[in-house]
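Okay, here's what each chain looks like letter by letter:
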Amino acid sequence: GQQVMQIPQYQHVQEGEDFTTYCNSSTTLSNIQWYKQRPGGHPVFLIQLVKSGEVKKQKRLTFQFGEAKKNSSLHITATQTTDVGTYFCAQTDSWGKFQFGAGTQVVVTP
Amino acid sequence: GAGVSQSPSNKVTEKGKDVELRCDPISGHTALYWYRQRLGQGLEFLIYFQGNSAPDKSGLPSDRFSAERTGESVSTLTIQRTQQEDSAVYLCASSLRGSGTREQYFGPGTRLTVT
């Protein structure tokens, strides 16, 4: 079945810097979702992208769906310590089954 | 409203014992998922229930693992003859299923420790 690959696996960021994490697929995705899991917590839904080239913003977070709908990115500007956690992308197949990427673990140093 | 709840929150068991984990999804959510998450790792899919359809059990790691769901409500994940490698956080999630895609809502998880 379809698989989504996330890079990088780990991201060390200095507070105040920007970074981007990517989610890639070899096949066309019908949709992509992003989740955030804080240390010791459970994944929490952030956003869903459906349309080709779609861009959505949540404060300092910018989510983008590629034109070919085979990749997505999450860009965080002016990183804060509250951004610490693991960010997962996920897609659903035609049966409604979710498939998660392995996640990008983000560590922020003050 | 109430979110997804799981019980127990923590479970310590001896190797070889059976354990039963419970998940109460959000009311009205037809889809329910179980995942396993080992320390510092990603989400490992275990099983997926969708309404009255046959569950997708493709992620269950061995025949020691089984899960049931009563209608569109509570689900239980049973692990028989537990092994130390079963130690992990077991997460349950539910979602609506209908036109379009619905996000998953996760429970707080059950931390299982096998000694």
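Residues numbered from 1 in each chain as written. Chains lettered and ligands numbered in written order. Predicted model: local features only at pLDDT ≥ 70, side-chain atom pairs only at ≥ 80, totals over all residues. Heavy atoms only, no water.

Draft legend 1. Expanded view of the sheet that holds strand β8 (residues 71-76) of chain A. All names here are of chain A. Taking strand neighbours across the sheet as the criterion, the five strands line up as β1-β3-β8-β7-β6 in an open arrangement whose pairing is antiparallel. Every other strand in the sheet has two partners, leaving β1 (4-7) and β6 (55-58) as the edge strands with one partner each. Direction aside, the axes of adjacent strands within the sheet are offset by 15 degrees on average. (Pairing = 2+ DSSP bridges. Helix = DSSP H or I, 4+ residues; strand = E, 2+ residues; numbered from the N terminus. Axes fitted to C-alpha atoms, helices over the stretch in contact; angles between N-to-C directions.)

Draft legend 2. Spatial organisation of the environment of Gly71 of chain B. Residues and elements named next belong to chain B. Position of Gly71 among the secondary structure elements: in the loop between β6 (65-69) and β7 (75-79). A residue is classified by how much of its surface remains accessible, and Gly71, at 41% relative accessible area, is partly exposed. In sequence terms Gly71 and Asn52 are 19 residues apart; their C-alpha atoms lie 7.0 Å from each other. (Buried < 20%, exposed > 50% of the residue type's maximum accessible area, 1.4 Å probe, protein only.)

Draft legend 3. Structural view of the sheet that holds strand β1 (residues 5-7) of chain B. All names here are of chain B. One open sheet holds the four strands; their spatial order is β1-β3-β7-β6, and the pairing between them is antiparallel. Of all strands in the sheet, those with a lone pairing partner are β1 and β6, marking the two edges. The sheet shows a mean angle of 15 degrees between the axes of neighbouring strands, direction not considered. Bridge count for strand β3 (residues 19-24) against β7 is five bridges, and the pairing is antiparallel.

Draft legend 4. Up close: the state of the cysteines. All names here are of chain A. All chains considered together, the criterion is met by two disulfides over all chains. The residue that forms a disulfide with Cys23 is Cys89, at a sulfur-sulfur distance of 2.0 Å. The S-S bond linking Cys23 to Cys89 shows a torsion near 75 degrees; that makes this disulfide right-handed. Here Cys89 lies in strand β9 (residues 85-92) and Cys23 lies in strand β3 (residues 19-25), a separation of 66 residues in the sequence. (Disulfide = S-S within 2.5 Å.)

Draft legend 5. Spatial organisation of the interface of chain B and chain A. Contacts between the two partners involve 19 residues from chain B and, on the opposite side, 17 residues from chain A. Both sides of the chain B and chain A interface together cover about 1500 Å² of buried area, and 56% of this is carbon and sulfur. For Lys97 of chain A, the salt bridge goes to Asp56 of chain B, with nearest N and O atoms at 3.2 Å. On inspection of chain B and its partner chain A, the count reaches four residue pairs in polar contact (both at pLDDT 80 or more). Of all the secondary structure elements, the ones that give two or more residues to the side of chain B that touches chain A are β4 (31-37), β5 (44-50) and β8 (88-95) of chain B. The biggest single contributor to the side of chain B that touches chain A is β4 of chain B, with three residues. Along the lines of polarity and charge, the residues of the side of chain B that touches chain A split into eight nonpolar, seven polar and four charged. (Contact = heavy atoms within 4.5 Å. Buried area = accessible area lost by both parts, 1.4 Å probe. Salt bridge = Lys/Arg side-chain N within 4 Å of Asp/Glu carboxyl O. Polar contact = N/O pair within 3.5 Å; in protein donor to acceptor, adjacent residues only side chain to side chain. Nonpolar A, V, L, I, M, F, W, Y, C, P; charged D, E, K, R; others polar.)

Draft legend 6. Molecular detail of the environment of Ser94 of chain A. Looking at the secondary structure, you find Ser94 of chain A in the loop between β9 and β10 (98-100). Placed 14 residues apart in sequence, Ser94 of chain A and Gln80 of chain A show a C-alpha to C-alpha distance of 37 Å.

Draft legend 7. A look at the environment of Glu17 of chain A. Residue and element names in this part refer to chain A. Relative to the assigned elements, Glu17 resides in the loop between β2 (10-14) and β3. As for Glu17 and Thr79, which are separated by 62 residues in sequence, their C-alpha atoms are 5.4 Å apart. Discounting chain neighbours no more than four positions away, the residues touching Glu17 are Ile76, Thr77, Ala78 and Thr79.

Draft legend 8. Here's a closer look at the side chain of Thr13 of chain B. Here Thr13 of chain B is to be found in strand β2 (residues 10-13). Apart from the residues lying within four places of it in its own chain, the contact partners of Thr13 of chain B are Val19, Thr82, Leu112, Thr113, Val114 and Thr115 of chain B.

Draft legend 9. View of the nonpolar core. In terms of nonpolar packing, the biggest core is built from 20 residues, with Trp34, Leu46, Ile47, Leu77 and Tyr90 of chain B touching the most fellow members. Elements with a contribution of two residues or more to this core: β3, β4, β5, β6, β7, β8 and β10 (110-114) of chain B. In this structure, Leu77 of chain B is in contact with Val19, Glu20, Leu21, Trp34, Leu46, Ser66, Ala67 and Tyr90 of chain B, ignoring residues within four places of it in sequence. With 19 residues, the next largest nonpolar core counts Ile32, Leu46, Leu61 and Ile76 of chain A among its residues. (Core = buried A, V, L, I, M, F, W, Y, C linked by side-chain atoms within 4.5 Å.)

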